[in-house]
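For reference, the chains in residue letters:
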Amino acid sequence: MSRMRIALAGAVAAAVAATLAGCGSGTAVRAAGSGASGSASPSASATGKSTSGDNVPPGGTKPVNPLIEYTTGSRGRVVALTFDDGPSPVWTPRILALLAQYHAHATFCEIGPNAKAAPAMVKAIEAAGDRLCDHSVSHNEAMSKWSEQRQTYEIAGAKKMIEDAGGAGTQVDWFRAPGGDFSPLNRHISVQNGLRPLGWTVDSQDWMRPGVPKILSNIHKELVPGAIILMHDGGGDRSQTMAALQQLLPELVSKGYSFEFPVK
Ligand SMILES: [Zn+2]
């Protein structure tokens, strides 16, 4: 992908990013346009299929799509659960146990030092068949303003911490910028490290601890098939997240939903 094409894709991403908010800001994030992967706009679609090889990660052969992913792979009644800011030795095992009870799976967007501090949690996530996402080293929600060198450290450094925590064979598939602070540059760094930028479409705002009914109503307001739901297993007391999940999971199952991972 040429620089110009990256810039073009970046302009689309910037428009999306303008509506992004996440851990910390409280506004729901929506894909521009349809919300389908790689179809945010005609230009995004055109720029999402580079064959130049620029996006091939070191040692890899498959190009990584630089567009922010906003949906699951399958059509129909599927959702992708994502949990950010962990892992937490307290909350991650409880969430894993609850997911297992409903045969549900999720993607965990981990802060590098948290993974380093709790390697057993990273291994438990892998053992459960769940997946890993890079959520930076220092979780700064304005990382896009930093130098290329610093952003590279935030992304590549966290990826290495997660991989080291998980041990041999650990696979990290996505990068989610803290607060959704994506930019053309950090998406480029992300794909260079083999990580697909990962957004969300349903913001539970559970990080604010607004009460279980509010978390659930936030989810219901935006829930559609193919949604990527943002919740948190890190960042402090997640008892409200747990209580909301205890209601949400059986409800989704009873409505015929199944659980998938985002597209890489
Ligand atoms: Zn976060």
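Residues numbered from 1 in each chain as written. Predicted model: local features only at pLDDT ≥ 70, side-chain atom pairs only at ≥ 80, totals over all residues.

Our focus in this paragraph is the nonpolar core. Note that soluble globular proteins tend to have their nonpolar side chains buried in a common cluster. With 55 residues, the main nonpolar core has Leu81, Cys133, Ile162 and Ile229 as its most contacted residues. Not counting residues up to four positions away in its chain, the partners in contact with Leu81 are Ala104, Ala106, Ile229, Met231 and Phe259. (Core = buried A, V, L, I, M, F, W, Y, C linked by C-beta atoms within 7 Å. Buried ≥ 20, exposed ≤ 12 C-beta atoms within 10 Å, placed from the backbone. Contact = placed C-beta atoms within 7 Å.)

It is worth spelling out the pairing of strand S4 (residues 172-175) at this point. Bridge count between strand S3 (residues 131-134) and S4: three bridges; the pairing is parallel. Residue Leu132 lies in a different strand from S4, and its bridge partner there is Val172. Chirality of the crossover, the property in question, places the unit of S3, helix H6 (residues 148-166) and S4 among those that are right-handed. Taken together, the two bridges between S4 and strand S5 (residues 196-197) define a ladder with parallel strand orientation. Across the sheet, the residue bridging to Phe175 is Pro197, located in S5. For the crossover from S4 across helix H7 (residues 184-192) to S5, the handedness is right-handed. (Pairing = 2+ DSSP bridges. Helix = DSSP H or I, 4+ residues; strand = E, 2+ residues; numbered from the N terminus. Right-handed = clockwise from strand over helix to strand, strands pointing away.)

A separate point is the confidence of the model for the chain. For the chain, per-residue confidence averages 83 on the pLDDT scale, and 77% of positions sit at 70 or higher. Confidence drops under a pLDDT of 50 for residues 1-54, and excluding neighbours within four residues, the segment shows 103 contacts in the predicted structure. (pLDDT = per-residue confidence, 0-100.)

Below, the discussion takes up the environment of Ser136. With respect to the helices and strands, the residue Ser136 is situated in the loop between S3 and H6. On the basis of neighbour counts, which here come to 26 C-beta atoms within 10 Å, the residue Ser136 falls in the buried class. Taking the C-alpha atoms as reference, Ser136 lies 7.8 Å from Phe175; in sequence the two are 39 residues apart. With near-sequence residues (within four places) excluded, Ser136 lies in contact with Ile111, Gly112, Met143, Glu154, Ile155, Ala158 and Pro178.

Our next topic: the pairing of S3. Both faces of S3 are covered, namely the face carrying Arg131 and Cys133 and the face carrying Leu132 and Asp134. With four bridges connecting them, strand S2 (residues 106-110) and S3 associate as parallel partners. Pairing of Thr107 across the sheet is with Arg131, part of S3.

By the element assignment, Ala115 lies in helix H4 (residues 112-117). The exposure class of Ala115 is buried, given the 29 C-beta atoms found within 10 Å. Linking Ala115 and Ser88, residues 27 residues apart in sequence, is a C-alpha distance of 8.4 Å. Filtering out sequence-adjacent residues up to four positions away, Ala115 remains in contact with Pro87, Glu110, Val122, Met161, Ile162 and Ala165.

Turning to the environment of Asn140, a few remarks are in order. In this structure, Asn140 sits in the loop between S3 and H6. Considering only alpha carbons, one finds Asn140 and Gly179, 39 residues apart in sequence, at a separation of 8.0 Å.

Take H6 next. In this model, H6 (19 residues) spans 27 Å end to end at C-alpha, consistent with the 27 Å of a helix rising 1.5 Å per residue. Of all the residues in H6, the buried ones are Gln151, Glu154, Ile155, Ala158, Lys159, Met161, Ile162, Ala165 and Gly166. All buried residues of H6 lie within an arc of 160° about the axis, which places them on one face of the element. Within H6, the exposed residues directed more than 90 degrees away from the buried face are Glu148 and Gln149. Here the buried face of H6 lies against S2, H4, helix H5 (119-127), S3, S4 and H7. (Expected span 1.5 Å × (residues − 1). Arc of directions from axis to C-beta.)

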